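Given next are the chains, with one letter for each unit.
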Amino acid sequence: LCASIELDPMRRGREQKTCASRYVELSRILKAADIEMTAHVESATSSKIPKKMSKQEFVRILDLVMIAVIVVNAVIMGVSVDNPDHETVWEVLNYIFCLAFVAELVVKIVLIGVNELFCGEGGFS
């Protein structure tokens, strides 16, 4: 920003003061911009980063997804009865749905536990 130039001693002193004041001014501006930018980034990222989901929230979302899977499975079963020609396709889809239902059971057992899943509130008691 301020290069040292061979000047007469009086002028060099003024240049050094001017250079120092420019440096202080620039430092103040950059610090203010950094604070403003940090605040802006923190507010922007805090609204975009999802908070950690609790087990209950995850299970609730899993239940909603599985409701959709059940509906799609019912539709596929109805279509497969009307179109028995594509037996291999229906069998593969049945295995996929079976895998989805087993995965749901395993995830719920891991998250909630066997006792809570089958004997707890809202369980299969």
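Residues numbered from 1 in each chain as written. Predicted model: local features only at pLDDT ≥ 70, side-chain atom pairs only at ≥ 80, totals over all residues. Heavy atoms only, no water.

Student: Tell me what's going on with the overall build of the protein, and back it up with residues and numbers.
Tutor: Secondary structure summary: the protein contains four helices and zero strands in total. Listing the helices and strands of the protein from first to last along the sequence gives α-α-α-α. Looking at the protein as a whole, 11% of its 125 residues are labelled buried. Contacts in the protein between residues at least 24 apart in sequence constitute 49% of all its contacts with a sequence separation of at least 6. (Helix = DSSP H or I, 4+ residues; strand = E, 2+ residues; numbered from the N terminus. Buried < 20%, exposed > 50% of the residue type's maximum accessible area, 1.4 Å probe, protein only. Contact = heavy atoms within 4.5 Å.)

Student: Mind laying out the side chain of Ser80, listing which residues take part and the relevant values?
Tutor: By the element assignment, Ser80 lies in helix 2 (residues 55-82). Look at Ser80 and you get buried, because its relative accessible area is 18%. A distance of 2.8 Å separates a polar side-chain atom of Ser80 from the backbone oxygen of Met77. (Polar contact = N/O pair within 3.5 Å; in protein donor to acceptor, adjacent residues only side chain to side chain.)

Student: Quick rundown of the pattern of salt bridges? Include the residues and the values.
Tutor: In the structure shown here, the tally under the stated rule is two salt bridges. When the shortest N-O distance is used, the salt bridge between Lys108 and Asp63 registers 2.4 Å. Placement of the pair is Lys108 in helix 3 (residues 87-111) and Asp63 in helix 2, with a sequence separation of 45 residues. We classify Asp63 as partly exposed; its relative accessible area is 26%. (Salt bridge = Lys/Arg side-chain N within 4 Å of Asp/Glu carboxyl O.)

Student: Account for the nonpolar core, with residues named and values stated.
Tutor: Core analysis: the biggest nonpolar cluster contains six residues, these being Leu62, Met66, Val69, Ile76, Trp90 and Phe97. In terms of residues, this core owes the most to one element, helix 2, which gives four residues. If we ignore the near neighbours within four places in the chain, the residues touching Trp90 are Ile76, Val79, Ser80 and Asn83. (Core = buried A, V, L, I, M, F, W, Y, C linked by side-chain atoms within 4.5 Å.)

Student: Which residues make up helix 2, and what are the values?
Tutor: With 28 residues, helix 2 ought to run about 40 Å at 1.5 Å a step, and its terminal C-alpha atoms sit 40 Å apart, in line with that. Burial in helix 2 covers these residues: Val59, Leu62, Met66, Val69, Asn73, Ile76 and Ser80. In this structure, the buried side of helix 2 is in contact with helix 3. (Expected span 1.5 Å × (residues − 1).)

Student: Explain the packing of helix 2 against helix 3 to me, and be specific about the residues and the numbers.
Tutor: Where helix 2 meets helix 3, the closest approach of the two axes is 11 Å, and the angle between their N-to-C directions is 160°. With respect to their mutual orientation, helix 2 and helix 3 come out roughly antiparallel. In terms of crossing hand, the pair formed by helix 2 and helix 3 is left-handed. The residue inventory of the contact of helix 2 with helix 3, partitioned by class, reads 16 nonpolar, three polar and four charged. (Axes fitted to C-alpha atoms, helices over the stretch in contact; angles between N-to-C directions. Parallel < 35°, antiparallel > 145°, perpendicular 65-115°, else oblique. Left-handed = near helix turned anticlockwise from the far one by under 90°. Nonpolar A, V, L, I, M, F, W, Y, C, P; charged D, E, K, R; others polar.)

Student: Give me the lowdown on the confidence of the model for the protein, citing residues and values where you can.
Tutor: The predicted model of the protein has a mean per-residue pLDDT of 78, with 66% of residues at 70 or higher. Of all secondary-structure elements in the protein, the lowest mean pLDDT belongs to helix 1 (residues 9-48), at 63, while helix 3 reaches the highest, 94. (pLDDT = per-residue confidence, 0-100.)

Student: Which residues make up the side chain of Glu104, and what values do they have?
Tutor: Examined against the element boundaries, Glu104 turns out to sit in helix 3. The exposure class assigned to Glu104 is buried, which follows from its relative accessible area of 17%. Contact partners of Glu104, with chain neighbours within four places excluded, come to Leu62, Asp63 and Met66.

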